[in-house]
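Summary of structural features
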Number of protein chains: 2
Amino acid sequence: MPNLIIEQERYFIKMSALKFDIQYEDPNSQARIGRLETPHGVVETPTFIPVGTQATVKTMKPSDINALDVSMIICNTYHLHLRPGADLVAEMGGLQKFMGWNGVIMTDSGGFQVFSLGASMEHGVGKVASIFPGDEGKKLDRHTPKGQSRVKLTEEGAHFRSHIDGSKHLFTPENTIDIQHKLGSDIILVLDECTSPFHDYDYTSNSLELTHRWAKRALDHFQSLNIKNQALYGIIQGGAHEDLREKSATFIGDMDFHGIGIGGTLGESKSDIYRVLDWITPFLPREKPRHLLGIGEIDNIFDIVERGVDTFDCVTPTRYGRYGNALLKGENKYRLDITSAKCKKDPNPINLECECATCQTHSRAYLNHLFHAKEPLAGHLVTIHNLHTLMNLMKDVRQAIVEGTLSELKSQWLVD
Amino acid sequence: MPNLIIEQERYFIKMSALKFDIQYEDPNSQARIGRLETPHGVVETPTFIPVGTQATVKTMKPSDINALDVSMIICNTYHLHLRPGADLVAEMGGLQKFMGWNGVIMTDSGGFQVFSLGASMEHGVGKVASIFPGDEGKKLDRHTPKGQSRVKLTEEGAHFRSHIDGSKHLFTPENTIDIQHKLGSDIILVLDECTSPFHDYDYTSNSLELTHRWAKRALDHFQSLNIKNQALYGIIQGGAHEDLREKSATFIGDMDFHGIGIGGTLGESKSDIYRVLDWITPFLPREKPRHLLGIGEIDNIFDIVERGVDTFDCVTPTRYGRYGNALLKGENKYRLDITSAKCKKDPNPINLECECATCQTHSRAYLNHLFHAKEPLAGHLVTIHNLHTLMNLMKDVRQAIVEGTLSELKSQWLVD
């Protein structure tokens, strides 16, 4: 971007594991262009982070990921702790060596899984499926018979039973640091309780205090271990309550974390997500990278980037891909159902303008055939297209920010 | 192979769609080094032909296939006729354009599927699962309740019901040529009845007469269409009866086919396959390429190549791959069960000496994890290894033939 970087500032985080440079700030919004340096490479921000829950971005081998513009993925501590176990991953040299991909890896501490497993049910809230965009259409209580929680929260941590074999486990602020240290991811997250908008004010307020006490314990433990090759992000909670969100942003923002995670099932609608971001952004330290957890539908991207989000992750591009929903501008919810009758005889690729390996090689008719024939290749090919589409959109977003054309790009995509 | 090609002879098949050069013949066996030229490229023989039943080698996208030494695959007329239909494939420009892979494609006429669907049951034979190495472990009657055949053979052809929706279809010697002409494969096969060793002599003899009458009708029809861009192979049947096999080899060998298919479920044991090959080879025209249908376990390869087989196909490398059986010398039946407990903590690749993308990148422990976590990537990674292993073995076999070391290579592999 020659001559386009008007403002060049450089911030050094205290520890060496992560350096975040804000290279440009949009004068018309809070969007910023950043450069996140980690032990496993550089991430240009703002960007989308594909999800690799079980140490694999579903259907994608390392060379498939490298063929895209993906520099960072997020794996899941809860799942990897249960299977294959952090000790095994450590024996194999850490997540990058274990999965054979030498890029940047973030791990989620398991707070959302604690929530998914039924903590919300314990407190009398339920039917939370489909309000969380990162998990749209997925029943959060799928592993738990109604009313039978697998999770108990105490001051010490989260006691839970494995969804795989029912075995008992305990996550504490300290041991989730230990587990993530064994996993060897570049960016690790503190344990938090992820509340839902259905929780009442008192529950959410008490939960936030617990999350903050846990954050302090996690940071203390992290610092006592003198970890130099991993960066630690705190997580902001506070539900749908402005004062709690402000309080959390101030509390977490003031601590010596390398970066800030923004958590919680952020509401029932897009506007709820944006409202939460509007509440907290003024209280966040400008120089630290901000990761929004579990959000990343195409119609969210512009509004969250305009509110200063640097990175965000979401399962939908990969999940949609496996079920035959191809991301495409102009379609309802940006999804072309490749399994539909209208694609059966269509010789065109998903998107004529797309440069992904799938669109360069295959017709809608072929993809339609693969899905109807239940061929394993089907989901892989649409996953490639979906990830390419999102990564390419983020490249366009970054360029639009520096060129001052973000609102034009937004209006091209968000046609209501 | 400089200075190694002692004998250089060139045979031209009458029509232009296929040229087969025998470049070298092993003085110690009937093995030969060949070069099969087709409209979509050259195939070095002897070689293994991966199976792409539904216009996809399961889990493998075109670039994955091209990363291996695969120049030819075999697709299935029965499956493609039912779904997506030959007309659609023709509209899309033929199989190569439809699947986005520009290599050599052979199609099987559907004779084996007719057999699978229950023709054998109609004639009082059953329990044929597991005797056919190409379909080992698969119940042939899986789509058909016992005693309820979906197939009726008449002089006209094979009447059958779809395993997908029960719809009625008829395959004739003529329309299977038409269908394969629409599919646009480089090498097409005549319709045959595939008998089993359980059929009695009279049934097998009558069936062979029908197969021969069908072969003549197929060739007449093929010639009347004046097809120039496809080659037609006849198929030898005759069950486990020496005189019938000789008769069939002579009959099919004398006709104006571009090549010879060797069909039938060739017995219960490896030695049955070799006996059939020993019976027929003396009666086969030397200059025509020979394809052995549905055989290709590692412990078959040397013996069939020594008996003059040029190409052969088998589903096992890809099927084993999807179920976690990795081809490896020294293991029981050449299969390492990557899902077994002994692989759980093994940091080594499947095969330390293997140069496939999977062995260059991933440990047994990671593959074990992917299978236990039911990740779709698991089967793909082992499929890559299995196909690489077979293609690489065939490269070694070709080199050993020209170097006169085939028996040494065989004894390295076949340690009983």
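Residues numbered from 1 in each chain as written. Chains lettered and ligands numbered in written order. Predicted model: local features only at pLDDT ≥ 70, side-chain atom pairs only at ≥ 80, totals over all residues.

1. Comments concerning the domain arrangement of chain A
Residues and elements named next belong to chain A.
- The domains assigned to chain A are domain 1 (41-314) and domain 2 (326-387).
- Between domain 1 and domain 2, the contact holds 10 residues from the first and eight residues from the second.
- The class makeup of the residues in the side of domain 1 that touches domain 2 is six nonpolar, one polar and three charged. (Domains from an automatic or database assignment. Contact = placed C-beta atoms within 7 Å. Nonpolar A, V, L, I, M, F, W, Y, C, P; charged D, E, K, R; others polar.)

2. Focus: the interface of chain B and chain A
- Contacts between the two partners involve 35 residues from chain B, matched on the other side by 35 residues from chain A.
- Counting residues per element, the ones that place at least two in the side of chain B that touches chain A are α1 (62-66), α3 (86-91), α4 (95-99), α12 (357-361), α13 (364-372) and α14 (377-403) of chain B.
- In terms of residue count, α13 of chain B provides more of the side of chain B that touches chain A than any other element does, five residues in total.
- A per-class count over the side of chain B that touches chain A returns 17 nonpolar, 12 polar and six charged. (Helix = DSSP H or I, 4+ residues; strand = E, 2+ residues; numbered from the N terminus.)

3. Section: the sheet that holds strand β6 (residues 104-108) of chain A
All names here are of chain A.
- Overall, parallel pairing links the eight strands, which are arranged β4-β14-β13-β12-β11-β10-β6-β5 in an open sheet. Looking at the sheet topology across the chains shown, the edges are occupied by β4 (47-49) and β5 (72-76). Within the sheet, the average angular offset between the axes of one strand and its neighbour, ignoring direction, is 25°.
- Bridge analysis of strand β11 (residues 231-236) against strand β12 (residues 259-262) gives four bridges, and the strand direction is parallel. Bridge pairing links Ile-235 to Gly-261 in β12.
- With respect to the sheet, helix α8 (residues 242-254) is in contact with β11 and β12, its orientation differing from that of β11 by roughly 165°. (Pairing = 2+ DSSP bridges. Axes fitted to C-alpha atoms, helices over the stretch in contact; angles between N-to-C directions.)

4. A closer look at the nonpolar core
- Ile-304 of chain A together with Ile-304 of chain B are the most contacted members of the largest nonpolar core, which totals 208 residues.
- Residues in contact with Ile-304 of chain B, not counting those within four places in the same chain, are Ile-273, Leu-277, Leu-292, Ile-295, Val-309 and Phe-312 of chain B. (Core = buried A, V, L, I, M, F, W, Y, C linked by C-beta atoms within 7 Å. Buried ≥ 20, exposed ≤ 12 C-beta atoms within 10 Å, placed from the backbone.)

5. Quick notes on the environment of Asn-76 of chain A
Residues and elements named next belong to chain A.
- Relative to the helices and strands, Asn-76 resides in strand β5.
- We classify Asn-76 as buried; it has 20 C-beta atoms within 10 Å.
- When residues no more than four places from it in sequence are discounted, the contact partners of Asn-76 are Thr-53, Thr-107 and Asp-108.

6. With respect to the relation of the copies chain B and chain A
- The operation relating chain B to chain A is a screw motion whose rotation component is 180°, with 0.0 Å of axial translation and a residual RMSD of 0.0 Å. As the rotation angle and translation indicate, the two copies are arranged about a two-fold axis. When each C-alpha of chain B is compared by its distance to the rotation axis, Pro-376 of chain B comes out closest, at 3.8 Å.
- Same-surface contact between copies: 100% of interface residues of chain B are shared with the interface of chain A. (Least-squares fit on C-alpha atoms with pLDDT ≥ 70 in both.)

7. Overview of the confidence of the model for chain A
Residue and element names in this part refer to chain A.
- Within chain A, residue pLDDT values average 89, and 88% of them lie at 70 or more.
- The low-confidence segment residues 1-15 (pLDDT under 50) makes 24 contacts with residues lying over four places distant or belonging to another chain.
- Overall, residues 124-146 carries pLDDT values under 50, and its contacts beyond four positions in sequence, including any with other chains, amount to 44 contacts. (pLDDT = per-residue confidence, 0-100.)

8. Describing unusual backbone geometry
Residue and element names in this part refer to chain B.
- Backbone torsion omega between Thr-45 and Pro-46 reads 0°, so that peptide bond is classified as cis.
- One can find Pro-46 in the loop between β3 (41-45) and β4 (47-49).
- Note the cis peptide between Arg-83 and Pro-84, where omega equals 10°.
- Within the secondary structure, Pro-84 sits in the loop between α2 (77-82) and α3.

9. Some words on the pairing of strand β8 (residues 158-161) of chain A
Residue and element names in this part refer to chain A.
- Of the two faces of β8, the one lined by Ala-158 and Phe-160 is fully buried and the one lined by His-159 and Arg-161 carries no buried residue.
- Between strand β7 (residues 151-153) and the antiparallel strand that follows it, β8, lie four residues.
- For β8 and strand β9 (residues 168-171), the ladder comprises four bridges, and the chain directions are antiparallel. Looking across to β9, one finds that His-159 is bridged to Leu-170.
- Hairpin connection of β8 to β9: six residues between the antiparallel strands, including Gly-166 at a positive phi of 75°.

10. With respect to the sheet that holds β7 of chain A
All names here are of chain A.
- Pairing is antiparallel in the open sheet, where three strands are placed in the order β7-β8-β9. A single partner strand is all that each edge strand has here, and the edge strands are β7 and β9. For this sheet, the mean angle separating the axes of adjacent strands, direction not counted, is 15°.

11. Section: the pairing of β12 of chain A
Residue and element names in this part refer to chain A.
- Covered by surrounding structure in β12 are Gly-259 and Gly-261 together with Ile-260 and Ile-262, the residues of both alternating faces.
- Handedness of the β11-α8-β12 crossover: right-handed.
- Note that β12 and strand β13 (residues 290-292) share three bridges and pair parallel. Bridging across to β13, Gly-261 finds its partner in His-291. (Right-handed = clockwise from strand over helix to strand, strands pointing away.)

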